[in-house]
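# Report on the structure
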Amino acid sequence: MDGTRRRLLIASGAGGLGLALIKLRGTGIADAKAASAETFAVTHSDDEWRKLLSPAQYAVLRHEGTERPYSSPLNDEHRAGIFACAGCDQDLYSSTTKFDSHTGWPSFWKPLDKAVSTSRDYSMAMERDEVHCSRCGGHLGHVFNDGPRPTGLRYCMNGVAMTFKPAAA
Ligand SMILES: [Zn+2]
């Protein structure tokens, strides 16, 4: 088998997942290139993630699922503390930036410094900015421009993609 043919076979073997991801993210060519150029400190194969996470966490973090509104206990978490990534434990949001958006999803007006990255998402017939953990790439939710001051941003998060660490009393 010559090299070209082997590459084609490898490409078609990996094509299933690659296509699914591109479809889910729905990015243009430029965005897809940017997304693939982003590297993460914590990486696992899809199978490893499936074993590491609960089915609900896996669906949201690794396949950009969305939890049912008002389904996460973190929606009603009002203690002081830190919301962290359920995939890699990176700290993502401080409770001081959490607000009640009345959407049924935990919402914040600012992430911790360098905690999250965004990519353009054209799925669901909408143009949205997808938000993911900067350490493991796990999908967290979306960010919108209708948040409160001072940023005007609304980071709409899936509670199942996060854990809560209460501040020491
Ligand atoms: Zn993470």
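The structure displayed is predicted, hence computed values, not measured ones.

Reading across from one edge, β3-β4-β8-β7-β6-β5 is the order of the 6 strands in this open sheet, with antiparallel pairing throughout. Because the sheet does not close on itself, it has two edges, and the strands there are β3 (98–99) and β5 (116–121). Bridge count for strand β7 (residues 139–144) against strand β8 (residues 154–157) is 4 bridges, and the pairing is antiparallel. If you follow Gly141 over to β8, its bridge partner there is Met157.

With distances of 2.3 to 2.4 Å, the protein atoms coordinating the zinc ion are Cys85 (SG), Cys88 (SG), Cys133 (SG) and Cys136 (SG). Mapped onto the sequence, the residues coordinating the zinc ion show the spacing C-x2-C-x44-C-x2-C. Cys88 shares its class with Cys85; the two are buried.

Scanning all chains against the criterion turns up 4 aromatic pairs. Summarising the aromatic geometry, the rings of Phe83 and Phe164 are spaced 4.7 Å apart at their centres and angled 50° between planes, so their arrangement reads as tilted. Highlighted residues: Phe83 in strand β1 (residues 81–85) and Phe164 in strand β9 (residues 162–166), separated in sequence by 81 residues. Phe83 sits in the buried class, given a relative accessible area of 0%. Among the aromatic side chains, those forming a connected cluster through ring pairs are Phe83, Tyr93, Phe108, Tyr155 and Phe164.

So, on to the sheet that holds β9. Taken in spatial order, the 3 strands line up as β2-β1-β9 in an open sheet, and their pairing is antiparallel. The open sheet has two edge strands, β2 (91–94) and β9, and neither has a second partner. Across the sheet, the mean angle from the axis of one strand to that of its neighbour is 30°, orientation sign disregarded. Two elements, β1 and β9, share 5 bridges in a ladder whose sense is antiparallel. Bridge pairing in β9 places Ile82 opposite Lys165.

With respect to the secondary-structure elements, Gly104 resides in the loop between β3 and β4 (107–108). Residue classification places Gly104 among the buried positions, given a relative accessible area of 2%. For the pair Gly104 and Arg68, spaced 36 residues apart in sequence, the C-alpha separation works out to 8.1 Å. Ignoring anything within four residues of it in the chain, the contact list for Gly104 reads Pro69, Tyr70 and Asn75.

For the rest of this paragraph, the subject is the confidence of the model for the protein chain. In the predicted model, the protein chain carries a mean pLDDT of 85, and 79% of its residues have values of at least 70. Low pLDDT, under 50, characterises residues 1–30; the predicted model gives this stretch 21 contacts beyond four residues in sequence or across chains.

Let's shift gears to helix α4 (residues 55–63). Restricting attention to buried positions, one finds in α4 the residues Gln57, Tyr58, Val60 and Leu61. Its buried side turned inward, α4 meets α3 (46–52), β1 and β7. After α4 finishes, the residue Glu64 shows a positive phi value of roughly 55°.

A separate point is unusual backbone geometry. Glycine aside, residues mostly have negative phi, and peptide bonds are mostly found in the trans state. Here the residue pair Arg149 and Pro150 is connected by a cis peptide bond, since its omega of 10° sits within 30 degrees of zero. Topologically, Pro150 is positioned in the loop between β7 and β8. For His102, which is not glycine, the phi torsion reads 60° and is therefore positive. One can find His102 in the loop between β3 and β4. Phi angles above zero are rare outside glycine, and Lys114 is one such case at about 60°.

The rules behind each value
Residues numbered from 1 in each chain as written. Predicted model: local features only at pLDDT ≥ 70, side-chain atom pairs only at ≥ 80, totals over all residues. Heavy atoms only, no water. Pairing = 2+ DSSP bridges. Helix = DSSP H or I, 4+ residues; strand = E, 2+ residues; numbered from the N terminus. Donors = N, O, S within 2.8 Å, 3.2 Å for Na, K, Ca; no water. Buried < 20%, exposed > 50% of the residue type's maximum accessible area, 1.4 Å probe, protein only. Phe/Tyr/Trp six-rings, centres within 6.5 Å; stacked < 30°, edge-to-face > 60°. Axes fitted to C-alpha atoms, helices over the stretch in contact; angles between N-to-C directions. Contact = heavy atoms within 4.5 Å. pLDDT = per-residue confidence, 0-100.

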